[in-house]
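# Working through the structure, step by step
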Amino acid sequence: MRVSYCDGYHVPLPEGHPFPMAKFPALHQQLLDEDVIRPPDVVAPRQADWTDLRRVHTADYLTHLAEGSLSEHAERRMGLPWSERLVYRSRLAVQGTINAALMALTDGVAGNLAGGTHHAFPGHGEGFCVLNDVAVAIRVLQAACWVQRVLVVDLDVHQGNANAAVFADDASVFTFSMHGAKNYPFEKPPSSLDVPLDDATGDQSYLDTLQSYLPRTLDAVQPDLVFYLGGIDVATDDRFGRLSLTRAGLHARDRYVLEQIQAHDRPVALLLSGGYADTPEATADLHAIMYREAARVFETPRSSTVN
């Protein structure tokens with residue numbers, strides 16, 4: 001299974017910042033240690049072109065981002081302190097998702113060891129999201145005629161508000177968001193399909209709900225490509241999520257999603273989205289579940305250390 005990753009995915013943040021930036025190199029190393037991926041599977045992206053970013057983002061926002069002239073309000077809403085390295089890192093991650101999508105079209109499954117930044121709007125970033133990798137990747141692939149219809153399956157605990165807004169009037173992109181009803185964002189533009197869940201939704205209720213919607217969505221949309229945003233902030237004890245899925249529940253969720261996509265014979269690009277466990281290493285370990293399950297569903301696992 002090929003994945004996008006490079007060391008530039010990590011950029012230092014101020015001490016005590018709530019975003020677990022160190023989860024990216026930790027996940028990369030963990031997947032290598034478990035033999036879920038091997039060094040030749042890792043494809044380093046270049047920075048996404050500004051012309052591609054303008055397919056989604058406004059010229060004004062990109063100029064402020066490039067020049068470091070964001071207002072204090074804009075930077076606070078983005079949730080990350082501006083730096084040249086942050087812009088570099090964000091452009092790398094967008095290209096990583098473009099590459100993962102192209103590799104998925106060839107291989108059936110591929111991933112970006114970042115991405116799923118579904119709160120980045122055309123004119124501003126928010127919620128720790130600087131650039132919208134999924135939206136840019138979709139527009140790049142559509143412009144090149146690689147895909148026509150796309151399905152975004154967003155299982156982060158937070159509704160994919162920016163993707164909902166970007167594709168609101170576009171029938172070629174179906175956005176499916178299953179999320180905490182009372183969690184961020186508090187204003188939720190309508191997705192193609194929103195499935196809000198109550199706080200403390202546990203494994204069984206969560207999986208029952210997912211099983212009620214995902215197969216018929218795949219049947220109805222018939223996408224050329226699926227983007228799976230497998231946020232792990234639905235897990236028990238996540239700092240920002242309140243849905244209470246156990247570790248076993250995360251395995252069951254990811255296995256079910258990937259088995260359904262495979263059964264419908266659709267390629268899938270795997271993206272991380274959110275996760276805020278006690279440490280970056282614990283967060284990476286939960287993110288690794290999606291890749292472990294992808295190895296089971298799409299490939300023969302190569303090591304007994306995969307669990």
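On a predicted model such as this, the values are computed, not experimentally measured, just so you know.

### What to know about the environment of Val152
Residue position: Val152 is located in strand β4 (residues 150–154). Since its relative accessible area comes to 2%, Val152 is described here as buried. The spacing of Val152 and Thr175 is 23 residues in sequence and 4.9 Å in space, taken between C-alpha atoms. Each residue touching Val152, except ones within four places of it in the same chain, is listed here: Val134, Ile138, Asn163, Val173, Phe174, Thr175, Phe176, Phe227 and Leu229.

### So, the nonpolar core
The nonpolar side chains of soluble globular proteins are, as a tendency, buried together. By size, the foremost hydrophobic cluster in this structure holds 98 residues, and its most contacted members are Phe176, Tyr206, Phe227, Tyr228, Leu270 and Tyr291. If we skip the residues at most four places from it in the chain, Leu270 touches Met1, Val109, Ala110, Gly111, Asn112, Tyr228, Leu258, Met290, Tyr291 and Ala294.

### Comments concerning the sheet that holds strand β7 (residues 225–229)
Spatially, eight strands are ordered β2-β1-β3-β8-β7-β4-β5-β6 in an open sheet, and the strand pairing comes out parallel. Because the sheet does not close on itself, it has two edges, and the strands there are β2 (42–43) and β6 (193–197). Sheet analysis places strand β3 (residues 109–112) next to strand β8 (residues 268–271), joined by three bridges and oriented parallel. Along β8, the bridge assignment pairs Gly111 with Leu270. Its contacts with the sheet put helix α9 (residues 247–263) on β7 and β8, and the angle it makes with β7 is roughly 175°.

### Quick notes on the packing of aromatic side chains
Under the defined criterion, the tally for this structure stands at seven aromatic pairs. Where Tyr5 meets Tyr9, the ring centres are 5.3 Å apart and the plane angle is 80°; that geometry is what we call edge-to-face. Here the two residues Tyr5 and Tyr9 agree in accessibility, since each one is buried. Summarising the aromatic geometry, the rings of Phe128 and Tyr276 are spaced 6.1 Å apart at their centres and angled 50° between planes, so their arrangement reads as tilted. Here the residue Phe128 occupies a position in the loop between β3 and α6 (133–143), and Tyr276 occupies one in the loop between β8 and α10 (280–298), the gap between them amounting to 148 residues. Each member of the pair, Phe128 as well as Tyr276, carries the same accessibility label: buried. An aromatic cluster of three or more residues is present, and its members are Phe19, Phe24, Phe128, Phe240 and Tyr276.

### Some thoughts on the packing of helix α5 (residues 84–107) against α6
Running from N to C, α5 and α6 point in directions that differ by 50°, and their axes come no closer than 9 Å. Our classification of the angle between α5 and α6 gives oblique. Relative to α6, the crossing made by α5 is right-handed. Between α5, through Ala93, Val94, Thr97, Ile98, Ala101, Leu102 and Leu105, and α6, the contact on the second element is made entirely by Asp133, Val134, Val136, Ala137, Val140 and Leu141. Counted by class, the contact of α5 with α6 contains 11 nonpolar, one polar and one charged residues.

### Some thoughts on the pairing of β6
Going residue by residue along β6, you find Leu193, Val195 and Leu197 tucked away on one face and Asp194 and Pro196 left uncovered on the opposite face. Two elements, strand β5 (residues 173–180) and β6, share five bridges in a ladder whose sense is parallel. Pairing of Phe176 across the sheet is with Leu193, part of β6.

### Overview of the packing of α9 against α10
Contact geometry for α9 and α10: axes closest at 9 Å, N-to-C directions at 40°. Classed by the angle they form, the pair α9 and α10 counts as oblique. Handedness of the α9/α10 crossing: right-handed. Counting all contacts with α9, which are made through Arg247, Leu250, His251, Asp254, Arg255, Leu258, Glu259 and Gln262, the residues of α10 involved are Asp285, Leu286, Ile289, Met290, Arg292, Glu293, Ala294, Arg296, Val297 and Phe298. Considering only residue class, the contact of α9 with α10 consists of eight nonpolar, two polar and eight charged.

### Focus: α9
Relative to the 24 Å expected for 17 residues at 1.5 Å per residue, α9 spans 24 Å between its end C-alpha atoms, a close match to the ideal helical length. Among all positions of α9, only Gly249, Leu250, His251, Arg253, Asp254, Tyr256, Val257, Leu258, Gln260 and Ile261 are buried. Residues of α9 that are buried sit in contact with α8 (203–221), β7, β8 and α10.

### Quick word on the pattern of salt bridges
This structure, assessed with the given rule, holds 13 salt bridges. Ionic pairing is found between Asp35 and Arg38, a salt bridge with its closest N-O pair at 3.3 Å. Close ionic contact of Glu72 with Arg76 constitutes a salt bridge, the shortest N to O distance being 3.6 Å. Of this pair, Glu72 and Arg76 both sit in helix α4 (residues 72–78), four residues apart, roughly one helical turn. For Glu72, a relative accessible area of 64% puts it in the exposed group.

### What to know about unusual backbone geometry
Cis peptide bonds are those with omega within 30 degrees of zero, and the linkage from Tyr184 to Pro185 qualifies with -5°. When you line up the elements, Pro185 lands in the loop between β5 and β6. A positive phi is found at Asp35, a non-glycine position, where the angle reads about 65°. For Asp35, the location among the structural elements is in the loop between α1 (23–33) and β2. Asp35 sits in the buried class, given a relative accessible area of 19%.

Conventions used here
Residues numbered from 1 in each chain as written. Predicted model: local features only at pLDDT ≥ 70, side-chain atom pairs only at ≥ 80, totals over all residues. Heavy atoms only, no water. Helix = DSSP H or I, 4+ residues; strand = E, 2+ residues; numbered from the N terminus. Buried < 20%, exposed > 50% of the residue type's maximum accessible area, 1.4 Å probe, protein only. Contact = heavy atoms within 4.5 Å. Core = buried A, V, L, I, M, F, W, Y, C linked by side-chain atoms within 4.5 Å. Pairing = 2+ DSSP bridges. Axes fitted to C-alpha atoms, helices over the stretch in contact; angles between N-to-C directions. Phe/Tyr/Trp six-rings, centres within 6.5 Å; stacked < 30°, edge-to-face > 60°. Parallel < 35°, antiparallel > 145°, perpendicular 65-115°, else oblique. Left-handed = near helix turned anticlockwise from the far one by under 90°. Nonpolar A, V, L, I, M, F, W, Y, C, P; charged D, E, K, R; others polar. Expected span 1.5 Å × (residues − 1). Salt bridge = Lys/Arg side-chain N within 4 Å of Asp/Glu carboxyl O.

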